[in-house]
Amino acid sequence: MNWVQRKIYLYNVTFGLFMLDWWERCLFNILVIVLMWFVFYNGSRYVTDFCKRYVASILSLSLS
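In this report, we go over the structure that sits alongside the text.

Each value, and the rule that gives it
- The residue count restarts for each chain, going from 1 along the sequence in the order it is written.
- Local features in a predicted model are, by the rule used here, given only for residues with pLDDT of at least 70; side-chain atom pairs are given and counted only at 80 or more, and totals for whole chains, interfaces and linings are based on all residues.
- Heavy atoms from the whole structure form the basis of all side-chain values; hydrogens and water molecules are not counted.
- Only runs of H or I of at least four residues qualify as helices and only runs of E of at least two qualify as strands under DSSP, and these elements are numbered from the N terminus.
- Throughout, the Shrake-Rupley method with a 1.4 Å probe supplies accessible areas, and for residues the shown protein chains are the sole cover considered.
- Any two residues whose heavy atoms approach within 4.5 Å at even a single point are treated as in contact.
- Remark: exposure states derive from per-residue accessible area (1.4 Å probe, protein chains only) relative to the maximum for the residue type, with buried under 20%, exposed over 50%, and partly exposed in between.
- The span expected for a helix works out to 1.5 Å for each residue beyond the first.
- Counting of polar contacts relies on pairs of N or O atoms within 3.5 Å, with two restrictions inside protein: one atom must be capable of donating a hydrogen and the other of accepting it, and residues adjacent in sequence are counted only when both atoms are side-chain atoms.
- Pairs were defined over the aromatic rings of Phe, Tyr and Trp, the Trp ring being its six-membered one, requiring ring centres within 6.5 Å. Orientation was assigned from the angle between planes: stacked under 30 degrees, edge-to-face over 60, tilted for the rest.

A look at the overall build of the protein chain
Along the backbone of the protein chain there are two helices and zero strands. A total of about 6,000 Å² of accessible surface is found on the protein chain, and carbon and sulfur atoms cover 74% of it.

Okay, here's the thing in structure tokens:
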């Protein structure tokens, strides 16, 4: 068992996916992917907005 197979096995055992049918596992994985996309997308929007405000505050402090 290589590293990737171990991580997949750990994922299946941790979330109890090994006892689900293939279609239930697929639905769960789709839900996880959608939630991760939502978190990363909104996180990236927040980080860019935060960086813009931080840079603007630094520039306004250095100009005054």
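Anyway, onward from the coordinates.
Let's talk about the side chain of Asn-12
Its location among the elements puts Asn-12 in helix α1 (residues 3–14). What Asn-12 contacts, discounting residues up to four positions off in sequence, is Leu-17, Phe-18 and Arg-25.

Examining the environment of Ser-60
Considering the arrangement of structural elements, one finds Ser-60 in helix α2 (residues 22–63). A relative accessible area of 42% places Ser-60 in the partly exposed class. Considered as a pair, Ser-60 and Tyr-9 are 51 residues apart in the sequence and their alpha carbons are 52 Å apart.

Some points on α1
In this model α1 runs 16 Å from its N-terminal to its C-terminal C-alpha over 12 residues, within 8% of the 16 Å that 1.5 Å per residue would give. Of the residues flanking the start of α1, the one acting as N-cap is Asn-2, its side-chain oxygen 3.4 Å from the backbone nitrogen of Val-4. Looking one or two residues beyond α1, the residue adopting positive phi is Gly-16, at roughly 70 degrees.

Describing the packing of aromatic side chains
One pass over the full model with this rule turns up five aromatic pairs. Relative to Phe-28, the ring of Phe-15 lies with its centre 6.0 Å away and its plane at 45 degrees, an arrangement referred to as tilted. Of this pair, Phe-15 sits in the loop between α1 and α2 while Phe-28 sits in helix α2; the two residues are 13 residues apart in sequence, bridging distant segments of the chain. The class for Phe-15 is exposed, based on a relative accessible area of 51%.

Examining the environment of Asn-12
Taking relative accessible area as the criterion, Asn-12 reaches 18% and is therefore assigned buried. Expressed as a C-alpha distance, the spacing of Asn-12 and Arg-25, which sit 13 residues apart in the sequence, is 9.0 Å.

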